[in-house]
Structures are given as structure tokens and as C-alpha cells.
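This is what each chain is made of:
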Amino acid sequence: MTVLVLYATVEGHTRKIAEHAAAQLEKRGQGVVLSDIREPGFAVPGRFEGVLLCAPIHIGRYPEPVAQFIIDWKAALADVPTALISVSLGIHSDIAEERAEAEAYPAKLEKKTGFRIPKVHHAAGALKYLEYDFFKRALMRRIAAKEGGPVDTGRDHEFTDWAALDRFLDEFADDVALAAKA
């Protein structure tokens, strides 16, 4: 059984999550092909027993290659267990409306692509202060201060709940194994 793990990333944290997911799936006995969704090469869904997409929310949307991939491959995605790890800072917010907004993005993706991803995990992202330019660092610091978040721009701040992600990946690996037996 082989799972295709595709990711889009802006600042690198979603790639880190995808790499972690690939390693966890391998520990569960799955073969894994890991690729950037913008450069999938031979990694097309019809060749795999499961597909895991990892995508960040930036400026109110997923990267366009994620939606385009789903549109292009939705028939193949419908034939195998498919899951999404939706990465955002909003899911980490103490403000219920911001968490609800982050939770709504997969439905917006469904509306745009015409494909409902059956299994979704919302993972908190990271403040990558060390990678931001001066203006983005100042903006993100201001937003973090308003939220009561970390404002130390001398280091990055990661909010991903790795244990919750691992539980999600265990469930997804079980789905892939069950589908392969059917």
C-alpha cells in the first residue's frame, strides 16, 4: 500500500507537517511518496491507495495549485481514501469566530473544486518571524500582540499539536488499510 502525500507551502511549516505525516505513515507500514503539489512529477493519484493533501491558509485561501490539483484529479481522489491537513494560525486563536473561520476553509475549497474531502484535520501553523521580511514581521507581530500571542521576533513560534496530528494520521492509515483490503 502506498500513500501519496502532497503539500503546498509558503514559509516551510506545511512541508514540515507533510514530512512528519509521511514518516508517521511509514511507521504504520505504508509506502509513501512525498511531493510538492506544484511539482508532482509522476505522483498522480491513480497510482496510490490513498492521498493526503497538506495545505496552508494564507491571505484567506489555500494556494491555487491545491485547488487546481483537486479539480484535475477529483475522479481519482474519489476512488481512494483522501484526507486534508489544513494548516492555519486561525485554528490556534482564542477567539471562537477566528477558529470557525479557519474551520470553514475546507468547505470553501469544496465549493471551488466540486470535491468534498472526507477527512480533514486542522493543524495550527507557526509564526516564522525569522523568515519574514521587515514589513511582514512587523505586521505579524502586531497581529500576535492583539491576539495575546508571542511577540518575540528573535525566534520562530510553532503551534502544531503533533500528538493530535498523529492520532489523525493513525485514523487515515487505518482507512487506507481497510480500503486496500476491500
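Everything below is about the structure printed above this text.
Residues numbered from 1 in each chain as written. Predicted model: local features only at pLDDT ≥ 70, side-chain atom pairs only at ≥ 80, totals over all residues. Heavy atoms only, no water.

## Some details on helix H2 (residues 64–78)
- Taking 1.5 Å of rise per residue, the 15 residues of H2 would be expected to cover 21 Å, and the 20 Å separating its terminal C-alpha atoms lies within 8% of that figure.
- At aspartate 72, H2 shows its largest kink, close to 60 degrees.
- Residues of H2 that are buried in the fold lie against strand E1 (2–7), strand E3 (50–56), strand E4 (82–88) and helix H3 (96–113). (Helix = DSSP H or I, 4+ residues; strand = E, 2+ residues; numbered from the N terminus. Expected span 1.5 Å × (residues − 1). Bend = angle between axes of the 7 residues up to and from the residue. Contact = heavy atoms within 4.5 Å.)

## Some thoughts on the side chain of glutamine 30
- Residue placement: glutamine 30 occurs in the loop between helix H1 (13–27) and strand E2 (31–36).
- Overall, the relative accessible area of 5% leaves glutamine 30 in the buried class.
- A distance of 3.4 Å separates a polar atom in the side chain of glutamine 30 from the backbone oxygen of alanine 173.
- Residues in contact with glutamine 30, not counting those within four places in the same chain, are Met1, Val3, Leu25, Ala173, Val176 and Ala177. (Buried < 20%, exposed > 50% of the residue type's maximum accessible area, 1.4 Å probe, protein only. Polar contact = N/O pair within 3.5 Å; in protein donor to acceptor, adjacent residues only side chain to side chain.)

## Quick word on the pattern of salt bridges
- The final tally for this structure, using the stated rule, is 10 salt bridges.
- Between arginine 28 and aspartate 174 there is a salt bridge whose closest N-O contact spans 2.3 Å. Residue arginine 28 is found in the loop between H1 and E2, and its partner aspartate 174 is found in helix H5 (residues 162–181); the two are separated by 146 residues along the sequence.
- Assessed through its relative accessible area of 36%, arginine 28 is described here as partly exposed.
- Its relative accessible area of 37% is what places aspartate 174 among the partly exposed residues.
- Between glutamate 64 and lysine 112 there is a salt bridge, with its nearest N and O atoms 2.7 Å apart. Taken together, the residues span a long stretch of sequence, with glutamate 64 in helix H2 and lysine 112 in helix H3 at a distance of 48 residues.
- By relative accessible area, glutamate 64 is classed as partly exposed at 35%.
- Counted as one network, the salt bridges with shared partners bring together Arg28, Asp170 and Asp174. (Salt bridge = Lys/Arg side-chain N within 4 Å of Asp/Glu carboxyl O.)

## Focus: the pairing of E3
- The element E3 is largely enclosed, with a buried count of seven among its seven residues.
- On E3, burial covers both faces: Gly50, Leu52, Cys54 and Pro56 on one face and Val51, Leu53 and Ala55 on the other are all buried.
- Note that E1 and E3 share five bridges and pair parallel. What sits directly across from tyrosine 7, in E3, is cysteine 54.
- Note that E3 and E4 share six bridges and pair parallel. The residue bridging leucine 52 from the neighbouring strand is alanine 83, located in E4.
- In this fold, E3 hands off to H2, which returns the chain to E4; that crossover is right-handed. (Pairing = 2+ DSSP bridges. Right-handed = clockwise from strand over helix to strand, strands pointing away.)

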